[in-house]
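Observations on the model geometry
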Amino acid sequence: MILADGKRFLLSGKSYGYAMAVTETGFLQHLHYGGKITERDLDYLFAIGATVAPHKDDFNADMAFDSMLGEYGFYARGDYKEPTAIFERRDGASMTRLRYRAYRTQKGAPAVAGMPHARSGGETLIITLKDDFSEIEVDLYYTASDDSDVLVRNAVVRNTGREAVMLKKAFSFRAELPNGSYRMMRLAGTWAQERIPEIAPIAHGVTRLHTLRGASSHNTNPFMGILTEGCTEERGECYGVQLVYSGAFALTAEWCKNGPLTLQGGINDVGFGWQLNGGETFVTPQTLLTYSYEGLGGMSRSIHDFLREKMIDPAYVYRQRPIVVNNWEATYFGFDNEKLFPIIDEAAKLGIDTFVLDDGWFGARRNDRAGLGDWFVNEDVLKGGLKTVIDRCKKNGMKFGLWFEPEMVNEDSDLFRAHPDWAICKEGVEPCRCRNQLVLDFTRKEVVDYVFGTVGKVLKENDISYVKWDMNRNITECFTAALPAERQGEFMHRYILGVYDLAERLTGAFPNVIFEGCAGGGGRFDAGMLYYFPQIWTSDDTDGYERAKIQWGTSVCYPLSAMSCHVSVCPNHQTQRTTPFQTRGNIASLGAFGYELDLSKMTDEEKALAKLQVEAYRRTAELVLKGDLYRLKNPLEGDYFCMSVVSKDKSEAYVVGERTHGNPCDYNQYLYLRGLDADGLYEIEELKITASGKALMNAGLLLPRLPDFGSWAWHLKQVR
Ligand code: GLA
């Protein structure tokens, strides 16, 4: 709900309130972000705010901006926090002081052309600020819904003058949290160990999470959790700050002694520079601010609901995902029809519905040194072309999926030989190579058009129901011959706009194909990609223990439905660890499920188990897609992992756990379920137990005694 009268503004969601006011000198002041308040409280907050706001007869008024809380920072004009934006004019001056000009409201959420955005929302408040020293105006967007604790924000910068202005920084938002000492949760990691939550106290100064990789990255996900004192998984206040952006980003938290905590973020300003000509606007990526008084678990559930309801394509978000078998870890590049057919035949017997052909089917791609960019089937490898493999799938009643890496090129490829300048490069500078490949210059429309044409042709000419869109290296050189010297700072953002453009066009042209993103090699897993792709290959690490940690961390700000999870062979190719087949299946069942091994080489026992896993997954798939997630045992803090999903009506639940490390005498370990109907009676099929929601949540369940990496999967049904 939005209350606005041009002087005071109150935004309310399910359980938060967000208040602002215009000071007597015409500045937009932040008053409150936290638990709910009422309209009547605005006067009281306004009075407190007025004590720190600049007064009109104060000779030193501008210096008050150092302590006044603002909604979009100033630069070189008394606000000494990190600037939210820097607008450099032709004469080199860039001081800014933004003053309130007007507001308007509109129903629903604004569409952001060319970028991922919330597809719907309750109501949007747009506040226009005008710089006192230039012709720049900034529109601050706030979309709030009564049924959500996610507030969507971004800023639109407009040059209303005639002369070009250089945006040297243009963050999406500033948000202020009240005085206090906070801890920060970040999702950090590296390849095959992504999005591992790390919580640490926020020290004085600026804490910055960012990436220059050109992708959301393995190392730092575009998410920042802010925890108030005492906040835990289940209790206490916390905030989530999450960018709807897939490129080079930055998020900062700035704390000055005894002061509030200032949060800001958006497109990374390192190396950034955007020439904004007279009459042009620059739209910054959206940010999701989430408030929770039910700990990190409550925050995650609010984010999951928001992403599922308002960000991910409604045509796919709740649709049962295909259960796939992917040939990558089964064959790597060493496949031909004879190696693939037994996998397909076996998959059909197990009830798997889609076969996904991974890297190596095109051009001269027999290893990772050649062929990328040549999206033409290699008939020496696949005799009879893709059609023979597709026919084999069809004969077995299965569908077919295909791997692409649309943004990349090998130097040893026909594409590179024809268009060497289409790869990101700078004449006279030897390019950095990574996995022997270069990145295509997606800032150039002709490059994106070409890839759309070639990938689109394969999709048009073949019966393909699923695409895995890979991205295996990060950007270097950051230079394009297509832009003049003074515009090179636009490169990184224009690159990701090119990716969004291709994703929009391909998903639009092939609405019946489900597209899966891939965070394996390149680490791109974020809310922006989820706008186009309902699921993302979560990590190249499918080890039964490591994956539990990765999925735990990923679930902090992404729903289970977004995580593509496969059962792979043991010893695991990444960790060399052996875990039970059943455990790998149980962990993978907490996402979009599949297999990634040579099914034809499995033992009879494994085949029987896989068949049961596929059947069991079909029963829980809907719950996993739509339910409320409760994280119950943190594998990073103890010797168990456990998560549960509870249906919205609380009539069903699915609980998956793993004993990750055994200790002597660790019997009498209890698990307390969450989110059940306290007065309901539940049957746990596997344990042959019937107990009330109260008992299961308050008295708990005795954890099974299992060897290391042993696991369980329990189905709960409400019987009364
Ligand atoms: C990345 C992906 C893998 C596989 C390979 C193919 O590493 O994460 O799943 O597709 O690329 O080269």
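Residues numbered from 1 in each chain as written. Predicted model: local features only at pLDDT ≥ 70, side-chain atom pairs only at ≥ 80, totals over all residues. Heavy atoms only, no water.

Describing the overall build of the chain
So the rule is basically this: In DSSP terms, a helix is any run of H or I states spanning at least four residues, a strand is any run of E spanning at least two, and both are numbered starting from the N terminus. For this measure, only C-alpha atoms enter the radius of gyration; the expected value for a globule follows 2.2 Å times N^0.38, where N is the number of residues. Think of it in three bands: with a 1.4 Å probe and only protein chains considered, a residue is buried below 20% of the maximum accessible area for its type, exposed above 50%, and partly exposed in between. Whether two residues are in contact is decided by their heavy atoms, any of which lying within 4.5 Å being enough. For the area figures, the Shrake-Rupley method with a 1.4 Å probe applies, and any residue is considered shielded solely by the protein chains shown.
Scanning the chain for helices and strands turns up 13 helices and 38 strands. The C-alpha radius of gyration computed for the chain amounts to 26 Å, which stays within 12% of the reference 27 Å derived for 720 residues, consistent with globular compactness. Principal axes of the C-alpha set define a box for the chain whose edges measure 85 × 70 × 45 Å. Sorting the 720 residues of the chain into buried and exposed places 62% on the buried side. For the chain, restricting intrachain contacts to residue pairs at least 6 apart in sequence, the fraction spanning at least 24 positions comes to 70%. Accessible area of the chain: about 26,200 Å², with a carbon and sulfur share of 51%.

Details of the sheet that holds strand β38 (residues 710–718)
Consider a sheet: its strands pair through backbone hydrogen bonds, and that pairing is either parallel or antiparallel. Rules: Two strands are said to pair when DSSP picks up at least two bridges between them. For helices, the fitted line uses only the C-alpha atoms of the stretch in contact; every axis is such a line through C-alpha atoms, and the angle between N-to-C directions lies from 0 to 180 degrees.
Here six strands make up an open sheet; going across it, the order is β31-β32-β33-β38-β35-β36 and the pairing antiparallel. In the strand order of this sheet, the two ends are held by β31 (628–633) and β36 (689–692), each with one partner. This sheet shows a mean twist of 20° between the axes of neighbouring strands, independent of strand direction. Bridge analysis of strand β35 (residues 681–684) against β36 gives four bridges, and the strand direction is antiparallel. Bridge pairing in β36 links I684 to I689. Relative to strand β33 (residues 652–659), helix α12 (residues 604–626) is tilted by about 90°, and along the sheet it contacts β31, β32 (640–646), β33 and β38.

Notes on helix α1 (residues 41–52)
What counts here: Residue count minus one, scaled by 1.5 Å, sets the expected span of a helix. Picture the helix axis, draw a direction to every C-beta atom, and the arc is the one those directions span.
Relative to the 16 Å expected for 12 residues at 1.5 Å per residue, α1 spans 18 Å between its end C-alpha atoms, a close match to the ideal helical length. Regarding α1, the residues found buried are L42, L45, F46 and G49. All buried residues of α1 lie within an arc of 105° about the axis, which places them on one face of the element. Exposed positions of α1 whose direction lies more than 90 degrees from the buried face are Y44 and T51.

Details of the packing of aromatic side chains
What counts here: Ring pairs shown here join Phe, Tyr and Trp side chains whose ring centres sit within 6.5 Å, with only the six-membered ring taken for Trp; geometry is labelled stacked below 30 degrees between planes, edge-to-face above 60, and tilted in between. Working rule: Lys NZ or Arg CZ, within 6 Å of ring centre, within 35 degrees of ring normal, means a charge sits over the ring.
Scanning the entire structure with this criterion turns up 37 aromatic pairs. An angle of 10° between the planes, with centres 5.9 Å apart, marks the rings of F362 and W403 as stacked. Of this pair, F362 sits in the loop between β22 (354–357) and α5 (385–395) while W403 sits in strand β23 (residues 399–404); the two residues are 41 residues apart in sequence, bridging distant segments of the chain. Residue class for W403 comes out buried when judged on its relative accessible area of 1%. Every member of this aromatic cluster is reached through a ring pair, and the members are Y16, Y18, Y33, Y142, Y239 and Y291. Across the ring face of F46, the terminal group of R8 is positioned such that the distance to the ring centre comes to 4.3 Å. If you follow K169 out to its NZ or CZ, it ends over the ring of F171, 4.3 Å from the centre.

Some thoughts on the packing of helix α4 (residues 337–350) against α12
What counts, and what does not: Small angles under 35 degrees read as roughly parallel and large ones over 145 as roughly antiparallel, with 65 to 115 read as roughly perpendicular and the rest as oblique. The classification used treats Ala, Val, Leu, Ile, Met, Phe, Trp, Tyr, Cys and Pro as nonpolar, Asp, Glu, Lys and Arg as charged, and all other residues, Gly among them, as polar.
The N-to-C vectors of α4 and α12 enclose an angle of 55°; their axes lie 9 Å apart at closest approach. Classified by the angle their axes make, α4 and α12 are oblique. Together, E346, K349 and L350 of α4 and K607, A610, K611 and V614 of α12 make up the contact between the two elements. Across the contact of α4 with α12, the residue classes tally to three nonpolar, no polar and four charged.

Some remarks on unusual backbone geometry
Following C570, the chain continues to P571 via a peptide bond in cis, the omega torsion being -5°. Assignment of secondary structure puts P571 in the loop between β29 (563–568) and α11 (581–588). The phi angle at Y332 is positive, at roughly 45°, despite the residue not being glycine. Mapped onto the elements, Y332 comes out in the loop between α3 (328–331) and α4. Given a relative accessible area of 30%, Y332 falls into the partly exposed group. A positive phi angle, close to 60°, is found at N436, a residue other than glycine. If you trace the backbone, N436 turns up in the loop between α6 (414–418) and β25 (437–439).

Focus: the environment of L307
With respect to the helices and strands, L307 occurs in helix α2 (residues 295–311). Every residue in contact with L307, bar those within four places of it in the chain, is listed here: Q242, L288, I312, A527, L530, C557, Y558 and P559.

A few points about the site of the ligand
What counts, and what does not: Whether a residue is near a molecule or strand depends on its heavy atoms: it is near if one of them lies within 4 Å of it. A 3.5 Å cut-off defines polar contacts: any pair of N or O atoms within that distance qualifies, except that in protein one atom must be a possible hydrogen donor and the other a possible acceptor, and neighbouring residues in sequence count only when both atoms are side-chain atoms.
The full set close to the ligand counts 13 residues, and D358, D359, K468, D470 and D540 are the nearest of them. R435 places a side-chain nitrogen or oxygen 2.8 Å from an oxygen atom of the ligand. A total of 300 Å² of accessible area belongs to the ligand in isolation, and the protein chains cover 96% of it. Classifying every residue of the shell around the ligand gives four nonpolar, three polar and six charged.

Looking at the environment of R162
Considering the arrangement of structural elements, one finds R162 in the loop between β9 (150–159) and β10 (165–177). Among the residues examined, R162 registers a relative accessible area of 83% and is labelled exposed. Along the sequence, R162 and E135 sit 27 residues apart, while their C-alpha atoms lie 8.4 Å from each other.

Considering the nonpolar core
Soluble globular proteins tend to bury their nonpolar side chains together. Selection criterion: What makes a nonpolar core is a set of buried Ala, Val, Leu, Ile, Met, Phe, Trp, Tyr and Cys residues whose side-chain atoms join them at distances within 4.5 Å.
Residues F355 and W361 are the most contacted members of the largest nonpolar core, which totals 185 residues. Broken down by element, this core gets its largest block of residues, nine residues, from helix α8 (residues 491–509). Setting aside residues no more than four positions away along its own chain, F355 makes contact with V325, N327, L340, I343, I344, V389, C393, M398, K399, F400 and G401.

Structural notes on the pairing of β33
Across the eight residues that make up β33, a large majority, seven, are buried. Of the strand pairs in this sheet, β32 and β33 are connected by seven bridges, and their pairing is antiparallel. Its bridge partner lying in β33, V646 is registered against A653. Between β32 and the antiparallel strand that follows it, β33, lie five residues; K650 among them carries a positive phi value of about 65°.

Some details on the sheet that holds strand β26 (residues 466–469)
Read around the barrel, eight strands follow the order β21-β22-β23-β26-β27-β28-β29-β30 and close on themselves; strand pairing throughout is parallel. Along the sheet, successive strands turn relative to each other by an average axial angle of 30°, direction set aside. Along the sheet, α5 contacts β22 and β23; its crossing angle with β23, the most-contacted strand, is approximately 140°. In this fold α11 packs onto β29 and β30 (592–596), with an angle of close to 170° to the strand it touches most, β29.

Quick notes on the pattern of salt bridges
Formally: By convention in these notes, a salt bridge is any Lys or Arg side-chain nitrogen within 4 Å of a carboxyl oxygen on Asp or Glu.
All told, the structure shown has 54 salt bridges when counted by the stated rule. With a shortest N-O distance of 3.1 Å, E461 and K457 are connected by a salt bridge. Residue E461 and its partner K457 are located together in helix α7 (residues 445–461), separated by four residues, close to a single helical turn. The class for E461 is exposed, based on a relative accessible area of 55%. Salt bridges linked by common partners bring D62, R77, R97, R99 and D132 together as one network.

What to know about the pairing of strand β27 (residues 514–518)
For clarity, the threshold we go by: With the strands aimed away from the viewer, a crossover counts as right-handed if its path from the first strand over the helix to the second runs clockwise.
Taken across its five residues, β27 has five buried, putting it largely inside the fold. Here β27 shows a buried face lined by I514, E516 and C518 and a second buried face lined by F515 and G517. Both β26 and β27 contribute to a ladder of three bridges, which runs parallel. Opposite K468, over in β27, you have E516 as the bridge partner. The parallel pair β26 and β27, bridged by α8, forms a crossover whose chirality is right-handed. With three bridges joining them, β27 and strand β28 (residues 535–537) adopt parallel strand pairing. When the sheet's bridge partners are listed, E516 is paired in β28 with Q535. Between β27 and its parallel partner β28, the chain crosses via helix α9 (residues 527–532), and the hand of that crossover is right-handed.

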